[in-house]
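Coordinates in review
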Amino acid sequence: ARIRAFSSSNRFVIDYLVEEVLARLPGELVRFLVRTSVLDRMCGPLCDAVLDGTETGSVPTGQERLEYLDRANLFVVPLDDERHWYRYHHLFRDLLRQRLGQAETREAIDALHCRAGEWLERNGFELEAFGHAAVAGDIASAHRLIRGHGVPLYARGALAPIAAWLDTLGEEI
């Protein structure tokens, strides 16, 4: 019951995360965390694709950063035994997304989603790619993904997210 009492709006949790974790990390790592917070789950190559063009100088790869975060027990949760896929702890992810909204323009955030969607589509994760296209307002990509490659996305069990996205569009679209 106590765990359920915590939420991303709990001021003490947020203060702790900001002061004790983010404030002590190098700026480049904080930028990585904030920008990759657009992802619900991530792997190194996906993180690299999302950050393409936003990092400067010689920086660790996405996989190296994820492995570092995992070893340091910094709010990442491995999703497989190979430690290829990860996700951020939901409270930490919510905080990172809040920071992203404060630090970046809507266009910059949309660009992160578009790069994520492109990588996910190329690698066979069409439903996740659709989610990023929908969030970014990329109607052309979302429409292409709904049509699918052979079998439409809605015929593969994705009717609910498609219907929810369609509800957000204006009548003219």
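Here the residue numbers are simple positions, counted from 1 along each chain's written sequence. Local features in a predicted model are, by the rule used here, given only for residues with pLDDT of at least 70; side-chain atom pairs are given and counted only at 80 or more, and totals for whole chains, interfaces and linings are based on all residues. Here the side-chain values reflect all heavy atoms present in the structure, with hydrogen atoms and water set aside.

Per the convention used, a helix needs a DSSP run of H or I reaching at least four residues, while a strand needs a run of E reaching at least two, with both numbered from the N terminus. For the protein chain, the helix and strand inventory stands at 10 helices and two strands. Counting from the amino terminus, helix and strand elements in the protein chain follow one another as α-α-α-α-α-β-β-α-α-α-α-α. Residues counted as buried form 40% of the 173 residues belonging to the protein chain. By element, 53% of the accessible surface of the protein chain is carried by carbon and sulfur atoms, the whole surface being about 10000 Å². Between buried and exposed lies partly exposed: a residue is buried under 20% and exposed over 50% of the maximum accessible area for its type, with that area taken using a 1.4 Å probe on protein chains only. Areas reported here follow the Shrake-Rupley algorithm with a probe of radius 1.4 Å; residue values treat only the protein chains shown as occluding.

In this section: the nonpolar core. In these notes, a set of buried Ala, Val, Leu, Ile, Met, Phe, Trp, Tyr and Cys residues joined through side-chain atoms within 4.5 Å is what counts as a nonpolar core. Membership of the largest hydrophobic core comes to 40 residues, with the highest contact counts inside it found for Phe32, Leu33, Leu46 and Tyr88. Secondary structure elements with two or more residues in this core: α3 (27–36), α4 (44–51), α5 (62–71), β2 (86–88), α6 (90–103), α7 (106–122), α8 (126–136) and α9 (139–147). The residues touching tyrosine 88, leaving out its near neighbours within four places in the chain, are Phe32, Leu33, Thr36, Ser37, Met42, Leu69, Phe75, Val76, Arg93 and Leu96. Pairs of residues are marked as contacts when any of their non-hydrogen atoms sit within 4.5 Å.

Attention now goes to the packing of aromatic side chains. Ring pairs shown here join Phe, Tyr and Trp side chains whose ring centres sit within 6.5 Å, with only the six-membered ring taken for Trp; geometry is labelled stacked below 30 degrees between planes, edge-to-face above 60, and tilted in between. Per the stated rule, a full pass over the model turns up five aromatic pairs. Each ring, one from tyrosine 88 and one from phenylalanine 92, has its centre 6.1 Å from the other, and the planes form 75°; the classification is edge-to-face. The exposure classification of tyrosine 88 matches that of phenylalanine 92, with both residues buried. Three or more aromatic residues joined by ring pairs form one cluster here, namely Phe75, Tyr88 and Phe92. Sitting above the plane of the tryptophan 85 ring, arginine 41 keeps its charged end 4.0 Å from the centroid. Here, a charge over a ring means that NZ of Lys or CZ of Arg falls within 6 Å of the ring centre while also lying within 35 degrees of the ring normal.

Side chains that are three or four residues apart share a direction in an α-helix, a result of its 3.6 residues per turn. Each residue after the first adds 1.5 Å to the expected span of a helix. Over its 17 residues, α7 runs 24 Å from end to end, which matches the ideal 24 Å to within 8%, given 1.5 Å per residue. Every buried residue belonging to α7 is among Ile109, Asp110, Leu112, His113, Ala116, Gly117, Trp119, Leu120 and Glu121, and all of these are buried. Taken together, the buried residues of α7 touch α3, α4, α6, α8 and α9. Downstream of α7 by a residue or two, glycine 124 has a phi angle that is positive, lying close to 85°.

Below, the discussion takes up the confidence of the model for the protein chain. The pLDDT value expresses, per residue, how confident the predictor is, ranging between 0 and 100. Here the protein chain shows a mean pLDDT of 81. Residues at 70 or above account for 72%. Ranking the elements of the protein chain by mean pLDDT puts helix α1 (residues 2–5) last, at 48, and α4 first, at 95.

Moving on, we come to a negative patch on the surface. Patch rule: a residue counts if its relative accessible area is over 30% and it has no salt bridge; like charges are joined within 9 Å, and nonpolar side chains (Val, Leu, Ile, Met, Phe, Trp, Tyr) within 5 Å. Should a side-chain nitrogen of Lys or Arg be within 4 Å of a carboxyl oxygen of Asp or Glu, the pair is scored as a salt bridge. Just so you know, the count uses Lys and Arg for positive and Asp and Glu for negative, and it drops His and the chain ends. Each charge is placed at NZ for Lys, CZ for Arg, CG for Asp and CD for Glu. Together, Asp48, Asp52, Glu64 and Glu67 make up a region of like negative charge exposed at the surface. One can find aspartate 48 in helix α4. On the basis of relative accessibility, which here comes to 35%, the residue aspartate 48 falls in the partly exposed class.

Moving on, we get to the packing of α8 against α9. Put simply, α8 and α9 touch, their axes get as near as 8 Å, and they point 155° apart. It follows that α8 is roughly antiparallel to α9 by the angle criterion. Considering only the axes of α8 and α9, their crossing is left-handed. Here α8 contributes Glu126, Ala129, Phe130 and Ala133 to the contact with α9, which in turn contributes Ser141, Ala142, Leu145 and Ile146. Gly counts as polar in this scheme, as do all residues outside two lists: the nonpolar Ala, Val, Leu, Ile, Met, Phe, Trp, Tyr, Cys and Pro, and the charged Asp, Glu, Lys and Arg. For the contact of α8 with α9, the class distribution of residues is six nonpolar, one polar and one charged. Helix axes use the C-alpha atoms of the stretch in contact, all axes being lines fitted to C-alpha atoms, and the angles between their N-to-C directions lie in the range 0 to 180 degrees. By the definition adopted for this analysis, an angle is roughly parallel if under 35 degrees, roughly antiparallel if over 145, roughly perpendicular if from 65 to 115, and oblique otherwise. In this scheme the handedness of a crossing depends on how the near helix is turned from the far one: anticlockwise by less than a right angle means left-handed, clockwise means right-handed.

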